[in-house]
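One-letter residues, chain by chain:
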Amino acid sequence: MVDLVDAAQQLESEHLARAIAAARVPVPEGIPGECESCGEDMPRLVDGRCAPCRDGRVHVARFRPVAAEDAA
């Protein structure tokens, strides 16, 4: 006879198996370059777009060192 704890453990293990299977999606290969949407130079582009542009997120200001000739 199955009690409440056994049923809960079974339900949890089935849920975990479904969640792991759903999380296993292929990750597309990215290439470095300039994003077609925002123009930022990014280390990984997929289909020509950076992660913030693909996801619809707000871009975070990136640190850009100033060259000596630009500082003058």
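Residues numbered from 1 in each chain as written. Predicted model: local features only at pLDDT ≥ 70, side-chain atom pairs only at ≥ 80, totals over all residues. Heavy atoms only, no water.

Would you take a moment to explain the overall build of the protein chain for this structure?
For the protein chain, the helix and strand inventory stands at 3 helices and 2 strands. The secondary structure elements of the protein chain, listed N-terminal to C-terminal, are α-β-β-α-α. For the protein chain, buried positions account for 12% of its 72 residues. Taking the contacts inside the protein chain whose residues are at least 6 apart along the sequence as the reference set, 2% of them involve residues at least 24 apart. A total of about 6,300 Å² of accessible surface is found on the protein chain, and carbon and sulfur atoms cover 59% of it. (Helix = DSSP H or I, 4+ residues; strand = E, 2+ residues; numbered from the N terminus. Buried < 20%, exposed > 50% of the residue type's maximum accessible area, 1.4 Å probe, protein only. Contact = heavy atoms within 4.5 Å. Areas by Shrake-Rupley, 256 points an atom, 1.4 Å probe, with all protein chains shown as cover.)

Sorry if this is basic, but what is going on with the pattern of salt bridges here?
In this structure the tally under the stated criterion is 1 salt bridge. A salt bridge links Arg 57 to Asp 55; its shortest N-O distance comes to 3.3 Å. (Salt bridge = Lys/Arg side-chain N within 4 Å of Asp/Glu carboxyl O.)

Help me understand the pairing of strand β1 (residues 31-34), please; the structure alone is not making it clear to me.
Looking down a regular strand, the side chains alternate between one sheet face and the other. With 3 bridges connecting them, β1 and strand β2 (residues 41-45) associate as antiparallel partners. Considered in β2, the bridge of Glu 34 is made with Asp 41. The loop that links β1 with its antiparallel partner β2 comprises 6 residues; one of these, Gly 39, has a positive phi angle of about 85°. (Pairing = 2+ DSSP bridges.)

Explanation requested: the state of the cysteines in the structure shown.
In a disulfide, the sulfur atoms of two cysteines are covalently bonded to one another. Taken as a whole, this structure holds 0 disulfides when the rule is applied. This cysteine, Cys 50, is not joined by any disulfide, and Cys 53 carries the nearest cysteine sulfur, 3.6 Å off. Given the relative accessible area of 1%, Cys 50 is considered buried. (Disulfide = S-S within 2.5 Å.)

Which parts of the structure should I look at to understand the environment of Pro 43?
Topologically, Pro 43 is positioned in strand β2. If sequence neighbours within four positions are ignored, Pro 43 has contacts with Ile 31 and Pro 32.

Could you clarify how one ought to interpret unusual backbone geometry in this entry?
Excluding glycine, most residues fall at negative phi; most peptide bonds, likewise, are trans. The backbone of Asp 47 shows a phi angle near 55°, a positive value even though the residue is not glycine. Looking at the element boundaries, Asp 47 is found in the loop between β2 and α2 (51-55).

Help me understand the environment of Gly 48, please; the structure alone is not making it clear to me.
Structurally, the position occupied by Gly 48 is in the loop between β2 and α2. Of the residues examined, Gly 48 reaches a relative accessible area of 17% and is grouped as buried. Taking the C-alpha atoms as reference points, Gly 48 and Ser 37, 11 residues apart in sequence, are found 8.1 Å from one another.

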